[in-house]
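One-letter residues, chain by chain:
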Amino acid sequence: MKAIVYSQPGAPEVFRYEDVADPVCGPKDVKIEVKAIAIEGGDVLARAFIETGGKDQVVGYSAAGVISELGAEVNGFKVGDRVTTLSGAGSHAEQRVVSSFTCWALPDSVSFEQGACIPVTYGTAHDALFEFGRLRADETVLVQGGAGGVGIACIQLAKQAGATVYATASSDERLKQLTDFGLDAGINYTTEDLTTEVMRLTDRNGVNLVVDPVGGNVLEKSIASAGRRGRIVSVGTASRDFSKIDIAGLAPGNKSLTGVFLGAEVATPRAQEMIRGLLDQMAGGGLSMPIDRTYALAEAAAAHAYIESRQAVGRVILIP
């Protein structure tokens, strides 16, 4: 099969489009013919920073497709089923093998492109907002990186829950596009001071919850933007700033900081049911992820470069 491989981390140019051996389906696994790949923030970071020991690695968390083979111990699926899948690697390829526990039936009304966005993008957003963020209907939430996939998912889900939603982005044009998903007010972090603007919007109370996929210095600003007993949920380091941060701002307001990684939860019955519910909601028209651009699998380097340009609104998709 064809796949995107890299053997040393670095810029998108480290990717190579090559023939590799077909993945082997184990007794508890599912093999799919990949139809759409949602490029996640973690995919970009893995390519840039994760060492492979010089061995070829196929990067990628999320892909949707059609089951082509089942392990002997797998129940509940059949060859030909439309599914969406999640694994720690392997999405950037024509085929992938995943555990049957990280494979979900894709409703007929949900496209492969949209379905590929559910497990990681919407699953992370849902956990950040509700399971760990404990968001309630009458609260305020600030979504950092609001134009990214997880950001847009957070905006949609938080607004549906009855919250007041603020978000940041790098331009007024990107913020304008977020109003259709439920954004109440946007903050252009290139022209406005984040914490000052949050305090203005909240009558100096700060927000109840911040979801932060950016990390680094931005996470310190997230802490400062939360109000008394505010909750800050960190879901990534898109900033690539892995330096230590100052958390002294937590104590004066009795604030809390929680790290969230969907991979640590995904095999639990709770998370399994949560992802199935998100798929049902998308099938019913309640969720929709904007697809900013679609690239051929062979163009993965260009797709990653476009994501790193911080122009995209929503998800960028690869098609084998």
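Just above sits the structure.
The model shown is predicted, which means the values in this text are computed figures rather than measured ones.

Thresholds applied
Residues numbered from 1 in each chain as written. Predicted model: local features only at pLDDT ≥ 70, side-chain atom pairs only at ≥ 80, totals over all residues. Heavy atoms only, no water. Core = buried A, V, L, I, M, F, W, Y, C linked by side-chain atoms within 4.5 Å. Buried < 20%, exposed > 50% of the residue type's maximum accessible area, 1.4 Å probe, protein only. Helix = DSSP H or I, 4+ residues; strand = E, 2+ residues; numbered from the N terminus. Contact = heavy atoms within 4.5 Å. Phe/Tyr/Trp six-rings, centres within 6.5 Å; stacked < 30°, edge-to-face > 60°. Lys NZ or Arg CZ within 6 Å of the ring centre and 35° of its normal. Axes fitted to C-alpha atoms, helices over the stretch in contact; angles between N-to-C directions. Parallel < 35°, antiparallel > 145°, perpendicular 65-115°, else oblique. Left-handed = near helix turned anticlockwise from the far one by under 90°.

1. Topic: the nonpolar core
Part 1 of the reasoning: By size, the foremost hydrophobic cluster in this structure holds 50 residues, and its most contacted members are Y122, L129, V141, L178 and V211.
Part 2 of the reasoning: Of all elements in the fold, only strand 3 (29-38), helix 3 (118-131), strand 8 (140-143), helix 4 (149-160), strand 9 (164-169), strand 11 (207-212) and helix 8 (269-283) reach the threshold of two or more residues within this core.
Part 3 of the reasoning: For this core, the element with the highest residue contribution is helix 4, accounting for seven residues.
Part 4 of the reasoning: The contacts of V141, once residues within four sequence positions are left out, are L129, L135, A158, A163, T164, V165, Y166, L209 and V211.

2. A look at the packing of aromatic side chains
Two numbers describe a pair of aromatic rings. These are the distance of the centres and the angle of the planes.
Part 1 of the reasoning: Counting across every chain of the model gives two aromatic pairs.
Part 2 of the reasoning: Each ring, one from Y6 and one from F15, has its centre 6.3 Å from the other, and the planes form 75°; the classification is edge-to-face.
Part 3 of the reasoning: Its relative accessible area of 1% is what places Y6 among the buried residues.
Part 4 of the reasoning: By relative accessible area, which is 10% here, F15 ends up buried.
Part 5 of the reasoning: Taken together, a centroid distance of 5.3 Å and an interplanar angle of 85° make the contact between F49 and F242 edge-to-face. Here the residue F49 occupies a position in helix 1 (residues 41-49), and F242 occupies one in the loop between strand 12 (226-234) and strand 13 (256-259), the gap between them amounting to 193 residues.
Part 6 of the reasoning: Residue class for F49 comes out partly exposed when judged on its relative accessible area of 39%.
Part 7 of the reasoning: Residue classification places F242 among the exposed residues on the basis of a relative accessible area of 52%.
Part 8 of the reasoning: Lying across the ring of F112, R82 places its NZ or CZ 4.4 Å from the centre.
Part 9 of the reasoning: Here the basic side chain of R293 rests over the ring of Y306, its NZ or CZ set 3.8 Å away from the ring centre.

3. Some remarks on the packing of helix 3 against helix 8
When two helices pack together, their arrangement is given by the angle between their axes and by how far apart the axes lie.
Part 1 of the reasoning: Put simply, helix 3 and helix 8 touch, their axes get as near as 10 Å, and they point 115° apart. Taken together, the axes of helix 3 and helix 8 are roughly perpendicular relative to one another. With respect to the hand of their crossing, helix 3 and helix 8 are arranged in right-handed fashion. Mapping the contact onto sequence places I118, P119, Y122, G123, H126, D127 and E131 in helix 3 and R270, M274, I275, L278, L279 and M282 in helix 8.

4. Concerning unusual backbone geometry
Part 1 of the reasoning: Of note, R240 is a non-glycine position whose phi angle comes to about 65°, a positive value.
Part 2 of the reasoning: By secondary structure assignment, the location of R240 is in the loop between strand 12 and strand 13.
Part 3 of the reasoning: For R240, a relative accessible area of 31% gives the class partly exposed.
Part 4 of the reasoning: Located in the positive-phi region is N254, a residue other than glycine, with phi close to 50°.
Part 5 of the reasoning: Within the element layout of this structure, N254 appears in the loop between strand 12 and strand 13.

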